[in-house]
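Each chain is listed here by its residues.
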Amino acid sequence: MPSPIRLAREEDVPALLDIYAPYVTGTTASFEYQVPSCEEFARRLREVSACYPYLVWEEQGGLLGYAYAHAYAARPAYQWSAELTVYLRQEAARQGLGSRLYGALFDLLRLQGVRTVYGCVTAENAPSVAFHQALGFREAGRFAKVGYKHGRWLDVLWLEKPIAPHGEPQPLVPFPQVEEEAAAQVLHHWGAVH
């Protein structure tokens, strides 16, 4: 039986946008004001996938959520750090899918050489803060009133989690160059975990 976790494909973009749109229009989880077009979202998917894993959770032909990593910052000295993002359909929340997607990301990022992962979370988003804390993230910083959405100023928390020792690093391996069998084993493992 195939794993419910797989790499995102460009044909997934409409379903990914269907998951993401309510977070843009109805919450402060995303700081975007407008839902991106399919073309823009496809561009983002291609850009992320050129260096980092972009995962989806698929059951019975439908996507229930997605998670991906991207560069924490652009300068070369930051290459061993990555920022993570996860979005789930509302009906798929609190079933462990986000934790399993993040678990797969942690393992895939280790294969690339990433040492620390970060989450950028709206401070009032208590479920997301609790989710990250349950996975071992700790608060690394708070930006007060850094964003404005839905008529109010919002604080943002930066949460961090070391995922590998911080010895002398090798250059980051772009995700498309990670050994395919090792990546497939990670996806199978996290898709099978209960």
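Before reading further, recall that the structure is shown in the block above.
Report on the accompanying structure. (Residues numbered from 1 in each chain as written. Predicted model: local features only at pLDDT ≥ 70, side-chain atom pairs only at ≥ 80, totals over all residues. Heavy atoms only, no water.)

## Structural notes on the pairing of strand S5 (residues 116–122)
By the criterion of burial, S5 is predominantly enclosed, with six of the seven residues buried. Here strand S4 (residues 81–88) pairs with S5 via three bridges, running parallel. Note that in S5 the partner of Ser81 across the bridge is Thr116. Regarding topology, helix H3 (residues 97–112) serves as the crossover connection from S4 to the parallel S5, and that connection is right-handed. Direction of pairing for S5 relative to strand S7 (residues 152–162): antiparallel, over a ladder of seven bridges. For Val121, the partnering residue across the bridge sits in S7 and is Leu157. (Buried < 20%, exposed > 50% of the residue type's maximum accessible area, 1.4 Å probe, protein only. Helix = DSSP H or I, 4+ residues; strand = E, 2+ residues; numbered from the N terminus. Pairing = 2+ DSSP bridges. Right-handed = clockwise from strand over helix to strand, strands pointing away.)

## Details of the sheet that holds S4
In space, the seven strands of this open sheet follow the order S1-S2-S3-S4-S5-S7-S6, with mixed pairing throughout. Strand pairing shows two members of the sheet lacking a second neighbour, strand S1 (5–7) and strand S6 (138–149), which therefore form its edges. Pairs of neighbouring strands in the sheet enclose a mean axial angle of 25°, with direction left out of account. Along the sheet, helix H1 (residues 13–26) makes contact with strand S2 (54–59), strand S3 (62–71), S4 and S6, crossing S3 at roughly 75°. (Axes fitted to C-alpha atoms, helices over the stretch in contact; angles between N-to-C directions. Contact = heavy atoms within 4.5 Å.)

## As for helix H2 (residues 38–49)
For H2, with 12 residues, the first-to-last C-alpha span of 16 Å sits near the 16 Å given by 1.5 Å per residue. Listed in full, the buried residues belonging to H2 are Phe41, Ala42, Leu45 and Val48. An end-on view of H2 places all buried positions within 130° of arc, on one side of the element. Summarising the geometry of H2, the exposed residues directed more than 90 degrees from the buried face are Glu39 and Glu47. Each element contacted by the buried residues of H2 is listed here: H1, S2 and S3. (Expected span 1.5 Å × (residues − 1). Arc of directions from axis to C-beta.)

## Section: the nonpolar core
Across soluble globular proteins, nonpolar side chains show a tendency to be buried alongside one another. Judged by nonpolar contacts, the single largest core of 55 residues is most densely connected at Tyr54, Tyr66, Leu84, Tyr102 and Leu109. Not counting chain neighbours up to four residues away, the residues in contact with Tyr66 comprise Leu16, Ile19, Tyr20, Phe41, Tyr54, Leu55, Val56, Thr85, Val86, Tyr87 and Leu101. (Core = buried A, V, L, I, M, F, W, Y, C linked by side-chain atoms within 4.5 Å.)

## Some words on a nonpolar patch on the surface
Where nonpolar side chains cluster on the molecular surface, the patch consists of Phe31, Phe143 and Val146 and spans about 270 Å² of accessible area. In this fold, Val146 is placed in strand S6. Among the residues examined, Val146 registers a relative accessible area of 46% and is labelled partly exposed. (Patch = residues over 30% accessible without salt bridge, like charges linked within 9 Å, V, L, I, M, F, W, Y side chains within 5 Å. Areas by Shrake-Rupley, 256 points an atom, 1.4 Å probe, with all protein chains shown as cover. Salt bridge = Lys/Arg side-chain N within 4 Å of Asp/Glu carboxyl O.)

## Quick word on the pattern of salt bridges
Per the counting criterion, the structure on display carries 13 salt bridges. Salt-bridge contacts for Asp12 lead to Arg6; the nearest nitrogen and oxygen are separated by 2.9 Å. Residue classification places Asp12 among the buried residues on the basis of a relative accessible area of 6%. On the basis of relative accessibility, which here comes to 12%, the residue Arg6 falls in the buried class. When the shortest N-O distance is used, the salt bridge between Arg89 and Asp18 registers 2.8 Å. Of the two residues, Arg89 is situated in the loop between S4 and H3 and Asp18 in helix H1; the sequence distance between them amounts to 71 residues. Under the relative-accessibility criterion, Arg89 is labelled buried at 18%. Among the charged side chains, a salt-bridge network with shared partners connects Glu32, Glu40, Arg43, Arg44 and Glu47.

## Focus: the layout of surface pockets
Here the largest pocket is characterised by a volume of approximately 1200 Å³. For the largest pocket, the lining is made up of 45 residues, of which Ala29, Thr85, Val86, Tyr87 and Ser128 are closest to its centre. Considering every element that reaches the lining of the largest pocket, the biggest residue donor is S4, with six residues. Its residues placed into classes, the lining of the largest pocket shows 25 nonpolar, 14 polar and six charged. (1 Å grid on protein atoms, 1.4 Å probe; cavity = no way out; pocket = protein on both sides within 12 Å on 5 of 7 lines; lining within 4 Å. Points joined across faces, edges and corners; volume = space filled by probe spheres on them. Nonpolar A, V, L, I, M, F, W, Y, C, P; charged D, E, K, R; others polar.)

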